[in-house]
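Here is what each chain is made of, one letter per residue.
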Amino acid sequence: MTHPRIALDAMGGDEGVRTMVEGAAIARRKHESFQFLLVGDEKRIEAALDNHPGMRQASEILHCDDVISGDEQPSKAIRRAKTTSMGLAVGAVKDGRAGAAVSAGNTGALMAMSKIALRTMPGIDRPALAALMPTLEAHDVVMLDLGANTEADARNLVQYAVMGAAYARIVNGFDRPKVRLLNIGTEEIKGTDALRDAAARLSGASALALEFDGFVESDKINRGETHVVVTDGFSGNIALKAIEGSARFVTDLLKQAFTSSLRSKIGFLVSRPATELLRHHLDPNNHNGAVFLGLNGVVVKSHGSATAKGVAQAVTVAARLLENNLTQRITQDLAELGEDALKSNGAGAANSASQKGATA
């Protein structure tokens, strides 16, 4: 797609219309081919565009002043899909008016609306929420599922691996991303039946454009030793929040340490280049933009508290997935996988049954 057109839910997020439009403008300054369908209150969007005149020629406004609140139940939100900024943004992807949708609104509502409007791709049972997280290496790690589905069986985990690898090939440029399943240990006997069964299926799927590398423990997620980490949404969401909380803890602890005395303040000035590098690396705005993988269309979830820089990152992720034909890549990989690999592996299933209940 030469000119990616992105439907932006301008009403979503904690910071309001001005921040959403500013984020889109930042993204477009770096990528002049980006086009936008700005969905929300027309007067507020027009006021925000006054500060970014270059955006006007690249934008169309779809007026809507109805908004999904952050605490609204998804079951209630989907009833207002045709009248809310979030629902209309997703609907624009379904109708072909946009190639992708970006929203910083209610995650559960966005997932529910997206599943109903776009449906899941053939060969995918459940979509998954994937995001990029920083590592010690030059590349980020793709992690999924981060909360779309609290439970996942072996078949789901294999599908997540296929989708996550396709995503990693686009965002990180790997020909054969290294994929691991999140587990309580790296030994083959560890974990649930579903994990061991999924491992057996992935080990036997040599035709896939990925390298299955066994299990990974949560303390190794950010080491950079793997490119894709696959898990169920319950464990993934807990791991994600634990990592984010640890990052905030470290930065807050450093702030306290460097302001505790005059000597510490002098030390901070000396080490400021290093601390600024750390702050930049841990800034969630630099990794913003979770993707609903497995849908017939691209939908990106921006963090509700994202700054304009973070919104720009989410917009860039959406455009990049469009330009690199993410859905087509996943479809091709599923065809390579074949239905047989999605069925239970006899040896793997027997092995899992004999080791049922294995724990750390």
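The coordinates are above.
Definitions and cut-offs
Residues numbered from 1 in each chain as written. Predicted model: local features only at pLDDT ≥ 70, side-chain atom pairs only at ≥ 80, totals over all residues. Heavy atoms only, no water. Helix = DSSP H or I, 4+ residues; strand = E, 2+ residues; numbered from the N terminus. Buried < 20%, exposed > 50% of the residue type's maximum accessible area, 1.4 Å probe, protein only. Contact = heavy atoms within 4.5 Å. Salt bridge = Lys/Arg side-chain N within 4 Å of Asp/Glu carboxyl O. Arc of directions from axis to C-beta. Polar contact = N/O pair within 3.5 Å; in protein donor to acceptor, adjacent residues only side chain to side chain. Pairing = 2+ DSSP bridges. Axes fitted to C-alpha atoms, helices over the stretch in contact; angles between N-to-C directions. Expected span 1.5 Å × (residues − 1).

Enquirer: I tried to follow the overall build of the protein on my own but got confused; where do I start?
Expert: Check the secondary structure of the protein and you find 13 helices and 11 strands. Burial analysis of the protein (360 residues in total) assigns 49% to the buried set. The long-range share in the protein, meaning contacts at least 24 apart out of those at least 6 apart in sequence, stands at 73%.

Enquirer: Can you walk me through the pattern of salt bridges in this structure?
Expert: Two side chains that carry opposite charge are able to pair once their charged atoms sit near each other. Tallied over the full model, the rule gives 14 salt bridges. For Glu60, the salt bridge goes to Arg97, with nearest N and O atoms at 2.9 Å. Residue Glu60 is located in strand S3 (residues 59-63), and its partner Arg97 is located in the loop between helix H5 (85-95) and strand S4 (100-103); the two are separated by 37 residues in the primary sequence. Exposure remark for Arg97: the relative accessible area of 34% places this residue in the partly exposed category. Here Arg180 makes a salt bridge to Glu225, at a shortest N to O gap of 3.8 Å. With a gap of 45 residues between them, Arg180 in strand S7 (residues 178-182) and Glu225 in the loop between strand S8 (211-216) and strand S9 (228-230) connect regions that are remote in the sequence. Here Glu225 falls in the partly exposed class, since its relative accessible area comes to 37%. When salt bridges with common partners are traced through the structure, they connect Arg5, Glu60 and Arg97 into a single cluster.

Enquirer: Help me understand helix H2 (residues 42-49), please; the structure alone is not making it clear to me.
Expert: An α-helix turns once every 3.6 residues. As a result, residues three or four positions apart point the same way. Every buried residue of H2 is accounted for by Ile45, Ala48 and Leu49. For H2, the angular spread of the buried residues around the axis is 100 degrees, confining them to a single face. Of the surrounding secondary structure, the elements contacted by the buried residues of H2 are helix H1 (17-30), strand S2 (35-40), helix H3 (53-56) and S3. One side-chain oxygen of the residue at the start of H2 lies 3.2 Å from the amide nitrogen of Lys43, identifying that residue as Asp41.

Enquirer: Before we go on, may I ask you to explain unusual backbone geometry in this structure?
Expert: Only a minority of non-glycine residues have a phi that is not negative, and only a minority of peptide bonds are not trans. In the segment running from Leu144 into Asp145, the intervening peptide bond is cis, with an omega of 0 degrees. Its identity as a non-glycine residue notwithstanding, Arg119 has a phi of 65 degrees, on the positive side.

Enquirer: What should I look at first to understand the sheet that holds strand S10 (residues 290-293) in this one?
Expert: Backbone-to-backbone hydrogen bonds pair the strands of a sheet. The strands run either parallel or antiparallel. Pairing is mixed across the open sheet formed by 11 strands, whose spatial order is S3-S2-S1-S4-S11-S10-S5-S6-S9-S7-S8. Each of the sheet's edge strands pairs with one partner strand only, and the pair in question is S3 and S8. Averaged over neighbouring strand pairs, the angle between their axes works out to 25 degrees when direction is ignored.

Enquirer: Would you mind showing me how to read the environment of Asn296 here?
Expert: You can see Asn296 is positioned in the loop between S10 and strand S11 (298-301). Each C-alpha atom, one on Asn296 and one on Lys115, is 8.9 Å from the other, the two residues being 181 residues apart in sequence. In this structure the side chain of Asn296 is engaged in a polar contact, spanning 3.1 Å, whose partner is the backbone oxygen of Leu118. Engagement of the side chain of Asn296 in a polar contact is seen with the backbone oxygen of Thr120, the distance being 3.2 Å.

Enquirer: Any chance you could explain the side chain of Thr19 here in plain terms?
Expert: Residue position: Thr19 is located in helix H1. With residues near it in sequence (within four places) discarded, Thr19 still touches Ala306, Thr307, Ala308 and Val311.

Enquirer: Explain the environment of Thr19 to me, please; I cannot follow it from the model alone.
Expert: Its relative accessible area of 14% is what places Thr19 among the buried residues. Residues Thr19 and Ala312 lie 293 residues apart in sequence; the distance between their C-alpha atoms is 9.7 Å.

Enquirer: Can you help me understand the environment of Ala318 in this one?
Expert: Locating Ala318 in the fold gives a position in helix H11 (residues 308-323). Sequence separation of Ala318 and Ala290 is 28 residues, and the distance between their C-alpha atoms is 9.5 Å. Those residues within four positions of Ala318 in sequence are excluded, and the remaining contacts are Ile6, Ala100, Val102, Val298 and Val300.

Enquirer: Would you explain the side chain of Asn106 in this entry?
Expert: Here Asn106 lies in the loop between S4 and helix H6 (107-118). A polar contact of 3.0 Å, which involves the side chain of Asn106, links it to the backbone nitrogen of Ala109. Discounting chain neighbours no more than four positions away, the residues touching Asn106 are Ile68, Ser69, Gly70, Asp71, Glu72, Met86 and Lys301.

Enquirer: Just to check I follow, could you spell out helix H7 (residues 154-171) for this structure?
Expert: For H7, built from 18 residues, the straight-helix expectation of 26 Å at 1.5 Å per residue is met to within 8% by its first-to-last C-alpha distance of 26 Å. Of all the 18 residues making up H7, 17 are buried; the element is thus mostly covered by neighbouring parts of the structure. N-cap assignment for H7: the residue whose side-chain oxygen lies 3.2 Å from the backbone N of Arg155 is Asp153. Within two residues after H7, Gly173 carries a phi angle of roughly 75 degrees, on the positive side.

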